[in-house]
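Chains, contacts and geometry: an overview
Chain residues, written in single-letter form:
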Amino acid sequence: MKQFQLWWASLQQREQQLLTGAGVVVVIALFYGLIWQPLHQARIDQQLAAKGAAEQLQWLQSQLPKLGNTAVSPKTQGSLTDVVSQTAGRYQVQVSRMQPQNDQLQLSLEDLPFDQLLRWLHELQYQQGVTLVQLDIARSDVPGQVRVRRMVLE
């Protein structure tokens, strides 16, 4: 610090004023570049994101009445047992036990890949109109496969 004071004292008054002015300009530039401008840009980005979200919400709300009229209609052809048997064959799902109970069907499946189970359930629900009431699965010894201990459909 003492060296700085000696150096500062050795400068002429005009040089000191010039360095002081340059220091103020550098401090202002650093404040603007490191603090003000990033905060201002983040605020603008947040406003744009909020505006986009509001527009998307408005569009979704306008689409809501259309979605309410298009309920999933069951396309089940035949009994629930027949539909499960046919689709299980297409997806190579091996049913180890099938037990009808009133309007429901209780199943147990052999170990199968999780993705295959999801594709089969997707078809059952969205193409066949079958509702999954309960699903009890466990991890299999083989990675990526699951054991369906109990599944109830209606």
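Residues numbered from 1 in each chain as written. Predicted model: local features only at pLDDT ≥ 70, side-chain atom pairs only at ≥ 80, totals over all residues. Heavy atoms only, no water.

This paragraph deals with the overall build of the chain. The helix and strand inventory of the chain stands at four helices and five strands. Put simply, the chain runs from its N terminus to its C terminus through helices and strands in the order α-α-α-β-β-β-α-β-β. For 154 residues, the compact-globule formula gives about 15 Å, and the C-alpha radius of gyration of the chain, at 35 Å, lies well above that figure. Counting only C-alpha atoms, the chain reaches 100 × 45 × 25 Å along its principal axes. Looking at the chain as a whole, 20% of its 154 residues qualify as buried. For the chain, the proportion of contacts with a sequence separation of at least 24, taken over those separated by at least 6, is 51%. For the chain, the exposed area adds up to about 11,800 Å²; of that, 57% sits on carbon and sulfur atoms. Of the side-chain charges in the chain, 13 are positive and 12 negative, and the distance between the mean point of each set is 10 Å. (Helix = DSSP H or I, 4+ residues; strand = E, 2+ residues; numbered from the N terminus. Rg over C-alpha atoms; globule rule 2.2 N^0.38 Å. Buried < 20%, exposed > 50% of the residue type's maximum accessible area, 1.4 Å probe, protein only. Contact = heavy atoms within 4.5 Å. Areas by Shrake-Rupley, 256 points an atom, 1.4 Å probe, with all protein chains shown as cover. Lys, Arg positive; Asp, Glu negative; His and termini not counted. Charge placed at Lys NZ, Arg CZ, Asp CG, Glu CD.)

Moving on, we come to the nonpolar core. Core analysis: the largest hydrophobic core is formed by 18 residues, its most contacted members being Leu109, Leu117, Trp120, Met151 and Leu153. Elements represented by at least two residues in this core include exactly α3 (80-90), β2 (104-109), α4 (114-126) and β5 (145-153). (Core = buried A, V, L, I, M, F, W, Y, C linked by side-chain atoms within 4.5 Å.)

What follows deals with the environment of Gln94. Mapped onto the elements, Gln94 comes out in the loop between α3 and β1 (95-101). The exposure class of Gln94 is exposed, given its relative accessible area of 54%. Measuring from C-alpha to C-alpha, the distance between Gln94 and Ser108 comes to 8.9 Å, with 14 residues separating the pair along the chain. Beyond its immediate sequence surroundings of up to four residues, Gln94 is in contact with Leu109 and Glu110.

Glancing now at the side chain of Ser140. As for its position among the elements, Ser140 is in the loop between β4 (132-139) and β5. Judged by relative accessible area, which is 8%, Ser140 ranks as buried. Polar side-chain contacts of Ser140 include one of 3.0 Å to the side chain of Asp111. Dropping the residues within four chain positions of it, Ser140 is found in contact with Asp111, Gln145, Val146 and Arg147. (Polar contact = N/O pair within 3.5 Å; in protein donor to acceptor, adjacent residues only side chain to side chain.)

To continue, consider the pairing of β2. Every other side chain in a regular strand lies on the same face of the sheet, so the side chains alternate between the two faces. The buried fraction of β2 is high, at five of six residues. Strand direction decides the pairing type here: β1 and β2, joined by six bridges, are antiparallel. Across the sheet, residue Val95 finds its bridge partner in β2, namely Leu109. The hairpin formed by β1 and β2 contains two residues between the paired strands, and Asn102 there has a positive phi angle of roughly 55 degrees. When β2 meets β5, the two strands line up antiparallel, connected through three bridges. Each bridged residue has a counterpart across the sheet, and for Leu105 the counterpart in β5 is Leu153. (Pairing = 2+ DSSP bridges.)

In this section: a nonpolar patch on the surface. A cluster of nonpolar side chains, Val26, Leu30, Phe31, Tyr32, Leu34, Ile35, Trp36 and Leu39, forms an exposed patch at the surface whose accessible area comes to about 870 Å². Mapped onto the elements, Phe31 comes out in helix α2 (residues 13-68). (Patch = residues over 30% accessible without salt bridge, like charges linked within 9 Å, V, L, I, M, F, W, Y side chains within 5 Å. Salt bridge = Lys/Arg side-chain N within 4 Å of Asp/Glu carboxyl O.)

Before going further, it helps to examine unusual backbone geometry. Positive phi, close to 50 degrees, is recorded for Gln92, a residue that is not glycine. By relative accessible area, which is 63% here, Gln92 ends up exposed.

Following the sequence through the fold, Lys51 ends up in helix α2. Classification of Lys51 by relative accessible area gives exposed; the value is 53%. Distance in space between the C-alpha atoms of Lys51 and Gln104 is 47 Å, their sequence separation being 53 residues.

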